[in-house]
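What the coordinates show
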Amino acid sequence: MQIDLHAHSTASDGTSTPVELVAEAAAAGLDVVALTDHDTTAGWSAAAEARPDGLALVPGAELSCRWRGGPWPISLHLLAYLFDPSDPTLAGELARVRMARETRAERMVELMHADGIDVTWEEILQDAAGGTVGRPHLAKALIRRGLVTTVTEAFEPQWLGTRYRVPKEDLDVFAALRLVLDAGGVPVFAHPRASVRGPVVPDSLIIEMAGAGLFGLEADHTDHNPEERAQIRALAGELGLVVTGSSDYHGTNKTVRLGARTTAPEVLERITAAGHGSNVLG
Ligand code: AMP
Ligand code: ZN
Ligand code: FE
Ligand code: FE
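Calculation criteria
- Residues numbered from 1 in each chain as written.
- Chains lettered and ligands numbered in written order.
- Predicted model: local features only at pLDDT ≥ 70, side-chain atom pairs only at ≥ 80, totals over all residues.
- Heavy atoms only, no water.
- Donors = N, O, S within 2.8 Å, 3.2 Å for Na, K, Ca; no water.
- Helix = DSSP H or I, 4+ residues; strand = E, 2+ residues; numbered from the N terminus.
- Buried < 20%, exposed > 50% of the residue type's maximum accessible area, 1.4 Å probe, protein only.
- Salt bridge = Lys/Arg side-chain N within 4 Å of Asp/Glu carboxyl O.
- Patch = residues over 30% accessible without salt bridge, like charges linked within 9 Å, V, L, I, M, F, W, Y side chains within 5 Å.
- Areas by Shrake-Rupley, 256 points an atom, 1.4 Å probe, with all protein chains shown as cover.
- Lys, Arg positive; Asp, Glu negative; His and termini not counted.
- Charge placed at Lys NZ, Arg CZ, Asp CG, Glu CD.

Things to note about the coordination of the iron ion (ligand 4)
Around the iron ion (ligand 4), the protein contributes the donor atoms His6 (NE2), His8 (NE2), Glu62 (OE) and Asp248 (OD), at 2.0 to 2.3 Å from the metal centre. Between the iron ion (ligand 4) and the zinc ion (ligand 2) the interatomic distance amounts to 4.4 Å. Here histidine 6 is found in strand β1 (residues 3–7), whereas its partner aspartate 248 is found in the loop between β8 (242–245) and α11 (265–274), with 242 residues between them in sequence. An identical accessibility class is assigned to histidine 6 and aspartate 248; each is buried.

Comments concerning the coordination of the zinc ion (ligand 2)
The coordination sphere of the zinc ion (ligand 2), as far as protein atoms go, consists of Asp13 (OD), Asp13 (OD), His38 (NE2) and His250 (NE2), spread over 1.9 to 2.5 Å. Donor residues for the zinc ion (ligand 2), ordered by position in the chain, follow D-x24-H-x211-H. Between the two metal centres, the zinc ion (ligand 2) and the iron ion (ligand 3), the spacing is 5.7 Å. You can see histidine 38 sitting in strand β2 (residues 32–38) and its partner histidine 250 sitting in the loop between β8 and α11, a full 212 residues away along the chain.

So, the pattern of salt bridges
Going through the model one piece at a time under the given rule, you end up with 15 salt bridges. One salt bridge connects glutamate 93 with arginine 96, and the closest N-O pair in it is separated by 3.0 Å. With glutamate 93 and arginine 96 both in helix α3 (residues 88–114) and 3 residues apart, the pair spans about one turn of that helix. Taking the relative accessible area as the measure of exposure, glutamate 93 reaches 24% and is therefore partly exposed. Shared partners join several salt bridges into a network, and the residues in it are Asp118, Glu123, Arg144 and Arg145.

Examining a negative patch on the surface
A surface patch of negative charge is lined by Glu102, Glu106, Glu110 and Glu122. Here the element with the most residues in the negative patch is α3; it accounts for 3 residues. Tracing the sequence through the fold places glutamate 102 in helix α3.

See below:
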């Protein structure tokens, strides 16, 4: 069983449409794929309709969260599976985060204008095509201008990494856990040790999150080295959390391929048993 529990489509900052994504997942030999776009469920229905026979689809999302309990705020991502997409509180909060992402990206465009970079807000919106706007959309505009050659380069400090970065208005991590659980979903902490993206949270927070209903930790992720993966597995074992692995596929915005990292079948069974807001399709 090949199970990849973290993939993005054009509903957020991936480059494959939900329809293309499920076809690619089947072609990559996956048995199960989770669609986990940032702060949205907009891709669920198209992916479900296009789902090829033999591929199971786990509906999900990746929630933009923040922890403010430390010396400085740390942003973190919470994967949520099998929640009810029509839960009014969760849907309302996701809509608010998506809108704030647009305001934030527009401010980043203004910062670039001030430096004479002629990226336009219209082209960003056109590229996002109604999906959740993220820095990868700005990265592609910088590539179109010939200012950088890859999305990864656009994330360097002199570009979107620091200079033109504006913080996101996201969800408090404990509020997000509550929202997901109340909507029948299963929360898994995405790439908890991905230090390439910025400061990571202490183990003490993960322990607190476990007490607040966190179900699992994503250990096998491209942004974790072998020691980090082992540490996360050990911590998950101590806390009784499941451990997942996934590609965090973003199409051509990243080099990682679908199914590059996978989750064990028994872990998926536990996630499926715990989720009661929506169903695995297939
Ligand atoms: P944002 O959510 O708008 O702050 O953008 C961050 C998103 O960009 C992450 O969720 C990843 O999907 C992607 N990302 C972060 N760092 C990189 C990188 N170095 N190269 C390519 N994509 C990245
Ligand atoms: Zn992303
Ligand atoms: Fe993430
Ligand atoms: Fe992701």
